[in-house]
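Commentary on secondary and tertiary structure
Single-letter residue listing:
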Amino acid sequence: MKRGSVESRANHLAAVFDQTRHDHHVLCVEGLGHRRRESTRPVTVYKTAEWDRMIAYEPADLTVTAESGMRLSTLNAILAEHDQWIPLWVADDKEDTLGGAVSAGIDGLWQGGYGPFRDRILGLRVVTPGLGAIELGSHVVKNVAGYNVPRIFVGTRGALGVITAVTLKVSPRPPICWSWVWEGDLSALMRRAHELRELAWPWAALTLSYQPGSEMRLRAEWHGRRETVRYLVENLGAGGHELPLWTEGPWIDRAVVFKGALPRRAMGELLEWVDEAALIIEWQTGRIFGSASRSEAQRLAIWLGEHQGVFDVVSGPDLGIAMNPILIDAWTRLKEAYDPEGILG
Amino acid sequence: MRQQNWLEDLKKIVGVRNVLTDPMALLPYSYDGYTLVESTPRAVVLPQSRDEVAAVVKILARAEIPFLARGAGTSLSGGATALEGAVILHLSRMNHILEIDVENEVVVVEPGVVNVHITKAVEPYGYFYAPDPSSQQACTIGGNFAENSGGPHCLKYGVTVNHIVAAEVVTVDGDVVMLGNLAGEIDGPDWLGLLIGSEGTLVIATKLWLRLTKQPASSQTILALFDEVDEASRAVSAIVAAGIIPAALEMMDQLAIDAVERGPYPVGYPADLRAVLLIEVDGERHEVLETAREVEEILHSHRVREVRLARTSEEKTRWWANRKTAFGAMGLISPQYYVQDGVIPRSQLPEALARIAAIAKRYDIRIANVFHAGDGNLHPLLLYDGRDPQMVQRVIQAGSDILAVCVELGGSITGEHGVGIEKIEDMRRQFGEGDLKAQAAVKTAWDSEGLLNPGKLLPTAPRCHETGSGPVKRD
């Protein structure tokens with residue numbers, strides 16, 4: 001099934017839908033399987049990691065279309081030949097496929113410098129049980145023709161259709177990436193983060209990270225021109241090419257891996273409050289990523305809800321976060337069209 | 001059960017003075033910035049709060065009367081024109097900036113606030129609101145929400161959907177829903193991202209939380225004067241290929257230059273100039289210096305006649321005023337003009353411009369080009385005289401042919417003006433039947449009866465609403 005036309009992908013998936021329906025299962029589409037949420041229903045797992053063809057790449061247009069199973073690292077290796085890339089670095093350093101990143105609503109640490117990953121999604125090719133194979137969005141960097149349907153595929157875990165190809169806006173690769181780190185007292189680091197924003201803007205990432213039992217760490221990363229890095233080195237010290245994100249050792253998965261965001265006003269408060277979770281906050285955007293036990297994750301979800309923040313499970317159990325009833329109605333009607341028998345969960 | 005006394009009920013909600021039914025009062029609402037179609041609304045209601053909007057919507061929905069929201073009426077695709085006897089909710093009284101939240105870098109506004117007023121209000125705090133459509137002196141943020149408006153600076157900063165973090169909206173049933181959050185992150189389906197740019201066909205926005213962008217530490221505006229359009233197009237591609245994403249990268253051709261030089265903000269372009277690029281780079285000061293130097297080098301390697309760097313803020317302001325008044329300046333060289341809006345892959349720019357020139361020749365009309373070259377968003381301005389019905393027909397056909405070229409080259413029928421009435425049939429050029437069904441399902445999910453802004457965006461059969469005056473093609 002690795003090599004195949006659009007039609008053969010659609011035909012094959014139609015057969016998979018039939019079998020899943022016959023088995024009374026739910027179809028769970030997986031890229032590399034890192035971002036899996038637990039399900040209470042019997043699941044048929046369908047792997048897309050071998051769908052890894054490049055479909056179209058035009059460096060001058062800063063756009064690329066590839067099959068959904070292509071790994072981001074594979075794509076970036078191709079784009080690197082033209083000094084371009086998709087700047088997505090997730091704090092747990094795990095690989096993602098393009099379709100997996102879209103479906104799980106994954107985002108990275110470089111949002112401050114490059115914006116959210118979802119803003120790069122120009123178009124999707126999707127196979128649905130209800131409507132068959134469809135094209136959503138476009139292949140150009142600017143488009144307002146029709147509804148922005150790709151948006152409702154971001155983070156909805158393939159519940160409306162199976163993504164078979166993704167069109168993304170690519171970025172030029174900066175001439176230099178450089179980083180600095182500081183550790184110690186939270187209030188001193190927060191003051192430093194504020195000063196950094198005054199010194200230069202926008203940073204590719206300005207993160208405060210915390211692991212249970214270790215010191216808080218501030219890390220600043222600049223992507224840009226050598227002259228600017230020289231200026232920053234004069235002001236901040238030598239720094240280094242790829243200084244580590246976390247204070248001690250690599251990332252450790254706990255029961256729940258989560259992402260979310262909070263208003264800038266509440267960022268310091270969260271860092272003072274957090275205790276048992278590994279947590280990283282991007283200081284320019286308020287985006288968070290972390291890992292915690294189930295009970296700690298539940299506490300954090302409640303805390304964020306009370307502070308106008310957002311909590312979302314990347315992998316782990318469903319924590320039962322409720323949706324507005326009016327939005328449930330809209331979602332139900334969409335499901336009726338895209339996946340009338342609920343094959344996709 | 002349809003209500004017969006809906007008009008009286010509306011008056012009870014917003015007051016007698018704020019329900020317009022007099023034909024003379026309705027006349028200004030019979031078209032928007034897209035003047036090729038006229039259609040008089042059944043009535044115009046002027047609510048001044050979210051609760052009034054919700055109450056008005058409930059009354060109209062119960063009476064099965066279609067409706068739409070309207071701001072300044074600057075839509076260039078007919079998005080704010082009432083079809084199928086719809087009632088207009090004119091949101092001009094909801095025009096307050098409610099809060100400037102510097103700490104969270106958000107400004108909270110009502111939908112009737114004029115775009116440029118937002119930047120003026122936040123400038124003292126060191127911020128700006130990035131989307132800057134050319135109509136920003138008049139267009140409202142509610143309209144920007146509906147159309148997902150762009151502007152010259154969206155090349156670097158993105159369009160409206162990238163700058164609205166939350167919205168309070170009224171659904172077709174009159175329910176109030178809050179979407180998004182102060183943090184600007186999604187949880188669950190990205191409804192907000194879907195609704196922005198839905199051309200007022202799914203919800204009515206009553207309050208918006210907009211992301212503020214820090215003013216760049218430094219910027220440099222550059223004018224590049226060319227003797228050949230092709231060379232200017234190639235310079236655009238070379239700048240992007242060099243890994244430079246300017247804040248803005250605009251282009252005007254000779255006919256457009258002729259028009260703007262007759263307008264209120266002449267720059268002093270030589271009369272024989274064939275194309276001009278207006279380029280702005282901004283950011284950290286070292287980045288700007290180096291980038292501007294590199295842009296200059298690229299321009300000089302593309303047979304540029306002259307490169308000018310803005311030396312004062314007054315000079316920069318004039319160059320931008322010259323560019324931003326280009327559409328209006330067409331009135332100085334033609335009785336009327338019709339603005340098209342299509343997108344092509346940037347690499348196809350020379351091909352697209354050559355084909356637009358061929359279309360102008362084929363239909364014996366003049367076409368000026370003023371456009372966002374950096375993202376391939378074309379704005380051909382088709383000049384005509386409305387007193388010549390045959391010429392009007394040729395212009396309409398030429399516009400359609402230009403969109404066909406955009407789609408053929410792998411682009412889109414609209415980059416920022418929307419589908420509206422104008423391009424509803426052109427949707428079939430860009431999307432297949434299945435794709436359109438997928439979009440129709442979105443409409444059904446939010447507005448199953450088709451009451452919100454009917455006759456826009458999706459090519460569907462007309463519905464059985466009671467009709468007021470029908471649309472009239474102007475000629």
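From a predicted model like this one, the values you see are computed outputs, not experimental measurements.

Let's talk about the overall build of chain A
Regarding its fold elements, chain A presents 9 helices and 16 strands. With the principal axes as the frame, chain A shows a C-alpha extent of 60 × 50 × 35 Å. Counting only residues that meet the buried cut, chain A has 59% of its 345 residues in that class. A separation of at least 24 residues holds for 69% of the contacts in chain A among residues at least 6 apart in sequence.

Points about the overall build of chain B
Summing up its helical and strand segments, chain B has 16 helices and 22 strands in all. On the principal axes, the C-alpha backbone points of chain B span a range of 70 × 60 × 45 Å. When the 475 residues of chain B are sorted by exposure, 64% land in the buried category. Contacts in chain B between residues at least 24 apart in sequence constitute 72% of all its contacts with a sequence separation of at least 6. With the model as given, the accessible surface of chain B reaches about 17,000 Å², and the carbon-plus-sulfur share is 50%.

Details of the domain arrangement of chain A
Residues and elements named next belong to chain A. Entries for chain A in the domain assignment read domain 1 (6–172) and domain 2 (176–315). Each of domain 1 and domain 2 has a C-alpha centre, and the two are 27 Å apart. The partner domain 2 presents 23 residues to the 21 residues of domain 1 that form the contact. Buried area between domain 1 and domain 2, both sides added, is near 1,700 Å², and the carbon and sulfur share of it is 57%. On inspection of domain 1 and its partner domain 2, the count reaches 2 salt bridges. Between K94 and D253 there is a salt bridge whose closest N-O contact spans 2.3 Å. With 4 residues, helix α4 (residues 111–114) is the single largest residue contributor to the side of domain 1 that touches domain 2. Looking at side-chain class alone, the side of domain 1 that touches domain 2 contains 9 nonpolar, 5 polar and 7 charged residues.

Here we look at the interface of chain A and chain B
Taken together, the contacts link 61 residues of chain A with 82 residues of chain B. Buried surface at the junction of chain A and chain B, both sides included, amounts to about 6,000 Å², of which 58% is carbon and sulfur. A per-residue breakdown of the area chain A buries against chain B is headed by K142(A), Y147(A) and R225(A), which together make up 16% of the total. In this structure, the connection of chain A to chain B is made through 13 salt bridges. Residue R118(A) pairs with D190(B) through a salt bridge whose shortest N-O separation is 3.8 Å. The interface formed by chain A and chain B holds 33 residue pairs in polar contact (both at pLDDT 80 or more) in total.

With respect to the pairing of strand β15 (residues 287–292) of chain A
Side chains on a regular strand alternate between the two faces of the sheet. Residue and element names in this part refer to chain A. Counting buried residues in β15 gives 6 out of 6 residues, a clear majority hidden from the surface. Along β15, one buried face is formed by R287, F289 and S291 and the opposite face, lined by I288, G290 and A292, is buried too. As judged from the 6 bridges shared by strand β13 (residues 256–261) and β15, these two strands associate in the antiparallel manner. Note on β15: the bridge partner recorded for A261 is R287. By the bridge criterion, 4 bridges tie strand β14 (residues 278–282) to β15 in an arrangement that is antiparallel. When the sheet's bridge partners are listed, A278 is paired in β15 with S291. Between β14 and β15, which follow one another and run antiparallel, lie 4 residues, and G286 among them has a positive phi close to 80°.

Some details on the sheet that holds strand β13 (residues 218–226) of chain B
Residues and elements named next belong to chain B. If you walk across this open sheet you meet the 7 strands as β16-β13-β15-β14-β19-β21-β17, and the pairing is antiparallel. In this open sheet, the two strands that pair with only one neighbour each are β16 (304–309) and β17 (336–339). Across the sheet, the mean angle separating the axes of adjacent strands is 20° when strand polarity is ignored. Its contacts with the sheet put helix α11 (residues 313–324) on β13, β14 (248–253), β15 (275–283), β16 and β19 (366–371), and the angle it makes with β13 is roughly 55°.

Topic: the domain arrangement of chain B
Domain annotation of chain B identifies domain 1 (6–92), domain 2 (93–214), domain 3 (218–330) and domain 4 (334–443). Just the C-alpha atoms count here: the centres of domain 1 of chain B and domain 3 of chain B sit 41 Å apart.

Some words on the packing of aromatic side chains
Applying the stated criterion across every chain yields a total of 13 aromatic pairs over all chains. The interplanar angle of 80° and the centroid separation of 5.8 Å between the aromatic rings of W85(A) and Y114(A) together place this pair among those described as edge-to-face. Placement of the pair is W85(A) in strand β5 (residues 84–85) and Y114(A) in helix α4, with a sequence separation of 29 residues. Taking the relative accessible area as the measure of exposure, Y114(A) reaches 21% and is therefore partly exposed. Relative to Y338(A), the ring of F153(A) lies with its centre 6.2 Å away and its plane at 65°, an arrangement referred to as edge-to-face. A residue pair is termed long-range when its members are at least 10 positions apart, and F153(A) in the loop between β7 (132–137) and β8 (162–169) and Y338(A) in helix α9 (residues 325–338) qualify at 185 residues. For the residue pair F153(A) and Y338(A), the accessibility class agrees, reading buried in each case. Above the plane of the ring of Y231(A) lies R285(B), whose end atom (NZ or CZ) is 5.1 Å from the centre.

Quick look at the environment of R262(B)
All names here are of chain B. Tracing the sequence through the fold places R262 in helix α9 (residues 254–262). Between the C-alpha atoms of R262 and T213, which are 49 residues apart in sequence, the distance is 34 Å. Within the local environment of R262, its side chain forms a polar contact with the side chain of D258, the two groups lying 3.1 Å apart.

As for the packing of helix α8 (residues 229–241) of chain B against helix α13 (residues 349–363) of chain B
Residues and elements named next belong to chain B. Running from amino to carboxyl end, α8 crosses α13 at an angle of 150°, the nearest separation of the two axes being 9 Å. When the axis of α8 is compared with that of α13, the two are roughly antiparallel. In this structure, α8 crosses over α13, and the sense of that crossing is right-handed. On α13, the residues that touch V229, D230, S233 and V236 of α8 are L349, P350 and L353. Class assignment for the residues of the contact of α8 with α13 results in 5 nonpolar, 1 polar and 1 charged.

Some remarks on the sheet that holds strand β6 (residues 121–128) of chain A
Residue and element names in this part refer to chain A. Strand order in the open sheet formed by 5 strands is β3-β4-β8-β6-β7, and the pairing between neighbours is antiparallel. Both edges of this open sheet fall to β3 (54–58) and β7, since each of them pairs with a single strand only. Strand after strand, the sheet turns through a mean of 10° between neighbouring axes, direction not considered. Pairing geometry for β3 and strand β4 (residues 63–67), over 4 bridges, is antiparallel.

Details of the environment of R217(A)
Residues and elements named next belong to chain A. Among the secondary structure elements, R217 is positioned in strand β12 (residues 216–224). Look at R217 and you get buried, because its relative accessible area is 8%. Separated by 91 residues in the primary sequence, R217 and V126 place their C-alpha atoms 41 Å from one another. If we skip the residues at most four places from it in the chain, R217 touches V181, W182, E183, L189, T207, L208, S209, P244, L245, W246 and T247. Reaching out from R217, the side chain makes a polar contact with the backbone oxygen of P244 at a distance of 2.6 Å.

Section: the pattern of salt bridges
Counted by the stated rule, this structure contains 55 salt bridges over all chains. The residue R303(B) makes a salt bridge to E231(B) at a minimum N-O spacing of 3.2 Å. Here E231(B) lies in helix α8 and R303(B) lies in the loop between α10 (285–300) and β16, a separation of 72 residues in the sequence. Taking relative accessible area as the criterion, R303(B) reaches 61% and is therefore assigned exposed. Taken together, the shared-partner salt bridges connect R118(A), D119(A), R151(A), R287(A), E185(B) and D190(B) into one network.

The rules behind each value
- Residues numbered from 1 in each chain as written.
- Chains lettered and ligands numbered in written order.
- Predicted model: local features only at pLDDT ≥ 70, side-chain atom pairs only at ≥ 80, totals over all residues.
- Heavy atoms only, no water.
- Helix = DSSP H or I, 4+ residues; strand = E, 2+ residues; numbered from the N terminus.
- Buried < 20%, exposed > 50% of the residue type's maximum accessible area, 1.4 Å probe, protein only.
- Contact = heavy atoms within 4.5 Å.
- Areas by Shrake-Rupley, 256 points an atom, 1.4 Å probe, with all protein chains shown as cover.
- Domains from an automatic or database assignment.
- Buried area = accessible area lost by both parts, 1.4 Å probe.
- Salt bridge = Lys/Arg side-chain N within 4 Å of Asp/Glu carboxyl O.
- Nonpolar A, V, L, I, M, F, W, Y, C, P; charged D, E, K, R; others polar.
- Polar contact = N/O pair within 3.5 Å; in protein donor to acceptor, adjacent residues only side chain to side chain.
- Pairing = 2+ DSSP bridges.
- Axes fitted to C-alpha atoms, helices over the stretch in contact; angles between N-to-C directions.
- Phe/Tyr/Trp six-rings, centres within 6.5 Å; stacked < 30°, edge-to-face > 60°.
- Lys NZ or Arg CZ within 6 Å of the ring centre and 35° of its normal.
- Parallel < 35°, antiparallel > 145°, perpendicular 65-115°, else oblique.
- Left-handed = near helix turned anticlockwise from the far one by under 90°.

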